[in-house]
Amino acid sequence: MYDYKSESQCDKHVDVFKDCIHSVRDVSPTHGFAALKVTALGNPKLLERMSTMIVEVKRLFAKFDRKGNGLISREEFVSCYEEYFHADTKLSEILEHLVDKSNGMIDYISFSEMFTSYTLHSFTLKCKDIGPLALATPSEEEVLLMKKMSERLHTLAEEAAFCGTKLLIDAEHLKYQPAIHNLVLELQMKYNDKEQTERPVIFNTYQCYLKDTTDRVVTDLKRAERHNFHFAAKLVRGAYMVHERQRAEELKCPSPIHGTANDTHQCYDEVIEILLNHRVQGPGLEFMVATHNKESIEKAVTLMNELGLNPNDESVHFAQLYGMSDNLTFTLGNHGYSSFKYLPYGKVHEVVPYLVRRAQENGDLLGGNCSTELDLLQTELKKRLYA
């Protein structure tokens, strides 16, 4: 994670990421990927504040959704709105904007797009009580900083689109992730617009060790269809297990992470199956299977064959870390699958913690019949530390 120093330092990080995009373009002019971390482009505390707001909006939706079926009727909305907010002369106008004309209902996608960082203040001013949602409302100064962070992301997205490079937005700590997720969706609506591009530019990252990942993937597929943009994703298991469990204990709340490794594996494979089945229904979807887990890769390849997707289908990519699991990457490449090596680079003290987290995330690398991989990893770390 980056240590926030100043807004000017965040501007300098934009230049670093631009260099990364240009390097990818020079090596892979049409098919390369560059990655970035949003915490480098603004104050992480601001992302945490935005995430708190997003979580509270989701809780508000749950209060409005009295039947618990994911849909709110006009009557339910009016009743709940009048319970929590003072009278609003624009209520009928709000309803017209929210209600799906096909079924007369309001879903979470529409609801969440109404209560954003930029609009929430106009609603919470009318709150009858000062509750968690009102307290999570960003100040005018915070909104300006959020816009600045968004501008930096748009600058990089535009550069990637111009260079023909795909941009992977990394997932981070859960306390930042809802905000990062929303920022990525904002980028996808513009730079993955089907009317503007045949292929996606912006890839969201889904951490399959989180219990709600499958639901979020399904919701985002619906969102992409509704707003006519390419759904694009990188699938990982998750790299912050220790941190997330410790934080849950400190907050005295249930762990957001699956209780067992097998549950995480099942979630990962389930999401791949959902996306592959969605892919055979037509174009407009692209994703990367970013894993060192041999079983998940074999399941993905088997399902591709069963669904009639060719190995060279440009909608499915596979990736492993540079220097790790070469037997998987090269075998996939030799059989015609789109395979990549993910190369983190930088100062040793910055890169080693990243590699350690990847080793934790891909625990199967360090056990079973993978002693060769462990030997290679130890050799590479020693070489970098003592060179």
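These numbers were taken from a predicted model, which means no experiment stands behind them. (Residues numbered from 1 in each chain as written. Predicted model: local features only at pLDDT ≥ 70, side-chain atom pairs only at ≥ 80, totals over all residues. Heavy atoms only, no water.)

## Examining the pattern of salt bridges
Rule in force here: By definition here, a salt bridge exists when the distance from a side-chain nitrogen of Lys or Arg to a carboxyl oxygen of Asp or Glu is within 4 Å. Starting at the N terminus, helices and strands are each numbered in turn, a helix being any DSSP run of H or I of at least four residues and a strand any DSSP run of E of at least two. Categorising residues by exposure relies on relative accessible area from a 1.4 Å probe, with only protein chains included: less than 20% of the type maximum marks a residue as buried, more than 50% marks it as exposed, and the intermediate range marks it as partly exposed.
A full pass over the atoms with the stated rule returns 21 salt bridges. Ionic pairing is found between Arg66 and Glu83, a salt bridge with its closest N-O pair at 2.8 Å. With a gap of 17 residues between them, Arg66 in the loop between α2 (44-64) and β2 (71-73) and Glu83 in helix α3 (residues 74-84) connect regions that are remote in the sequence. Relative accessible area serves as the criterion here: at 47%, Arg66 is assigned to the partly exposed category. Through salt bridges with shared partners, a single ionic network connects Lys166, Arg199, Glu286 and Glu314.

## A word on a negative patch on the surface
To keep it simple, the criterion reads: A patch consists of residues exposed above 30% relative accessible area that lack any salt bridge, with like charges linked at up to 9 Å and nonpolar side chains (Val, Leu, Ile, Met, Phe, Trp, Tyr) linked at up to 5 Å. Here the open area of atoms and residues is found with the Shrake-Rupley method and a 1.4 Å probe, where only the protein chains shown may cover a residue. Think of it this way: Lys and Arg go in the positive column, Asp and Glu in the negative one, and His and the chain ends go nowhere. Throughout, a charge is located at the NZ atom of Lys, the CZ atom of Arg, the CG atom of Asp or the CD atom of Glu.
Together, Asp215, Glu270, Glu273 and Glu306 give the surface a local cluster of negative charge. For Glu306, the location among the structural elements is in helix α13 (residues 294-307).

## A look at the nonpolar core
Basically, it comes down to this: As used in this record, nonpolar core signifies buried Ala, Val, Leu, Ile, Met, Phe, Trp, Tyr and Cys residues forming a set joined through side-chain atoms within 4.5 Å. Contacts were defined at the residue level, with two residues in contact if any of their heavy atoms lie within 4.5 Å.
Counting 57 residues, the largest nonpolar core has Phe77 and Phe111 as its most contacted members. With nine residues, the single largest contributor to this core is α2. Look past the residues within four positions of Phe77 in its chain and what remains in contact with it is Phe64, Ile72, Leu91, Ile94, Leu95, Leu98, Ile106, Phe111 and Met114. Membership of the second largest hydrophobic core comes to 29 residues, among which are Cys208, Phe229, Phe287 and Phe318.

## Thoughts on the pairing of strand β1 (residues 33-36)
Across a regular strand the side chains alternate sides, sitting on one face of the sheet and then on the other. Which entries qualify depends on this criterion: Paired strands, in this sense, are two strands between which DSSP finds at least two bridges.
Burial along β1 is two-sided: the face carrying Phe33 and Ala35 and the face carrying Ala34 and Leu36 are both buried. Pairing of β1 with strand β4 (residues 166-169), which is carried by four bridges, proceeds in the parallel orientation. Each residue of the ladder has a partner; that of Ala34, found in β4, is Leu167.

## Description of the sheet that holds β1
Stated formally: A fitted line through C-alpha atoms serves as each axis, taken over the contacting stretch for helices, and the angle formed by two N-to-C directions is quoted from 0 to 180°.
Overall, parallel pairing links the seven strands, which are arranged β1-β4-β5-β6-β7-β8-β9 in an open sheet. Lying at the two open borders of the sheet, with one neighbouring strand each, are β1 and β9 (338-342). The mean inter-strand angle of the sheet, taken between neighbouring strand axes irrespective of direction, is 25°. Across four bridges, strand β7 (residues 285-290) lies against strand β8 (residues 316-321) in parallel orientation. Its bridge partner being in β8, Phe287 is matched across the sheet by Val316.

## Some thoughts on helix α14 (residues 326-334)
We apply this condition: The directions considered for the arc run from the helix axis to the C-beta atoms.
If you check which residues of α14 are buried, you get Leu328, Thr329 and Leu332. All buried residues of α14 project into a common sector of 95° when viewed along the axis, lining one side. Exposed residues lying more than 90 degrees from the buried face of α14 are Asn327, Phe330 and Asn334. Buried residues along α14 sit in contact with α13, β8 and β9. In the stretch just after α14, Gly336 is the one whose phi turns positive, near 90°.

## Some remarks on unusual backbone geometry
Unusually for a residue other than glycine, Asn228 sits at a positive phi of about 60°. For Asn228, the location among the structural elements is in the loop between α10 (213-227) and β6 (231-236). By relative accessible area, Asn228 is classed as partly exposed at 30%. Positive phi, close to 55°, is recorded for Lys252, a residue that is not glycine.

## Description of the environment of Glu244
Defined as follows: Two N or O atoms form a polar contact when they lie within 3.5 Å of each other; inside protein one atom must be a possible hydrogen donor and the other a possible acceptor, and for residues adjacent in sequence the pair counts only when both atoms belong to side chains.
Mapped onto the elements of the fold, Glu244 is located in helix α11 (residues 241-251). Counting along the chain gives 13 residues from Glu244 to Ile257, while the straight-line C-alpha distance between them is 7.5 Å. In this structure the side chain of Glu244 is engaged in a polar contact, spanning 2.7 Å, whose partner is the backbone nitrogen of Leu174.

## A short note on the packing of α2 against helix α8 (residues 140-163)
For clarity, the threshold we go by: For classification purposes, an angle smaller than 35 degrees is called roughly parallel, one larger than 145 roughly antiparallel, one from 65 to 115 roughly perpendicular, and anything else oblique. Amino acids outside the nonpolar list (Ala, Val, Leu, Ile, Met, Phe, Trp, Tyr, Cys, Pro) and the charged list (Asp, Glu, Lys, Arg) are all regarded as polar, and Gly is one of them.
Running from N to C, α2 and α8 cross one another at 105°; their axes reach a closest spacing of 11 Å. Relative to α8, the element α2 lies roughly perpendicular. Contacts between α2 and α8 pair Leu46, Leu47, Arg49 and Met50 from the former with Glu142, Leu145, Met146 and Met149 from the latter. Taken together, the residues that form the contact of α2 with α8 break down as six nonpolar, no polar and two charged.

## As for the packing of helix α12 (residues 261-279) against α13
What counts, and what does not: Should the near helix be turned anticlockwise from the far one by less than a right angle, the crossing is left-handed, and should it be turned clockwise, the crossing is right-handed.
In contact at an axis separation of 10 Å, α12 and α13 are set at 20° when each is read in the N-to-C sense. Compared by their axis directions, α12 and α13 come out roughly parallel. Crossing of α12 over α13 shows right-handed handedness. In contact with Tyr268, Asp269, Ile272, Glu273, Leu276 and Asn277 of α12, α13 contributes Ser296, Lys299, Ala300, Leu303, Met304 and Leu307. In the contact of α12 with α13, the residues fall into seven nonpolar, two polar and three charged.

## Focus: a nonpolar patch on the surface
A grouping of Tyr322, Leu343 and Tyr345 is seen on the molecular surface, where their side chains present a nonpolar patch of about 380 Å² in accessible area. As for its position among the elements, Leu343 is in the loop between β9 and α15 (348-361). The exposure class assigned to Leu343 is exposed, which follows from its relative accessible area of 51%.

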